[in-house]
Amino acid sequence: MDVPLWLALIVVGWLGVKLVRPPWWLIAVLLLGGFLLADSVLAPVIDTAVK
């Protein structure tokens, strides 16, 4: 079964918000932080650590 990555991320994110109930400001900070890290000088280091 092939599931697109974007669909899996949406499902995991939705379940996380429903089950853990983090504050919305924390969700915004994590999303913004991830977006900013992806465009920083640390991106190649993170990429090799994830792979």
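Residues numbered from 1 in each chain as written. Predicted model: local features only at pLDDT ≥ 70, side-chain atom pairs only at ≥ 80, totals over all residues. Heavy atoms only, no water.

A. Just a nonpolar patch on the surface, in detail. A contiguous nonpolar surface patch, about 1,200 Å² in accessible area, is contributed by M1, V3, W6, L7, I10, V11, W14, L15, L19 and V20. Inspection of the secondary structure puts V20 in helix α1 (residues 5-20). (Patch = residues over 30% accessible without salt bridge, like charges linked within 9 Å, V, L, I, M, F, W, Y side chains within 5 Å. Areas by Shrake-Rupley, 256 points an atom, 1.4 Å probe, with all protein chains shown as cover. Salt bridge = Lys/Arg side-chain N within 4 Å of Asp/Glu carboxyl O. Helix = DSSP H or I, 4+ residues; strand = E, 2+ residues; numbered from the N terminus.)

B. Inspection of the layout of surface pockets at higher detail. Considered as a void within the structure, the largest pocket measures approximately 240 Å³ in volume. The set of elements that each furnish at least two residues to the lining of the largest pocket consists of α1 and α2 (24-38). Sort the elements by how many residues they give to the lining of the largest pocket and α1 lands first, with five residues. Of the residues belonging to the lining of the largest pocket, the class tally is eight nonpolar, two polar and no charged. (1 Å grid on protein atoms, 1.4 Å probe; cavity = no way out; pocket = protein on both sides within 12 Å on 5 of 7 lines; lining within 4 Å. Points joined across faces, edges and corners; volume = space filled by probe spheres on them. Nonpolar A, V, L, I, M, F, W, Y, C, P; charged D, E, K, R; others polar.)

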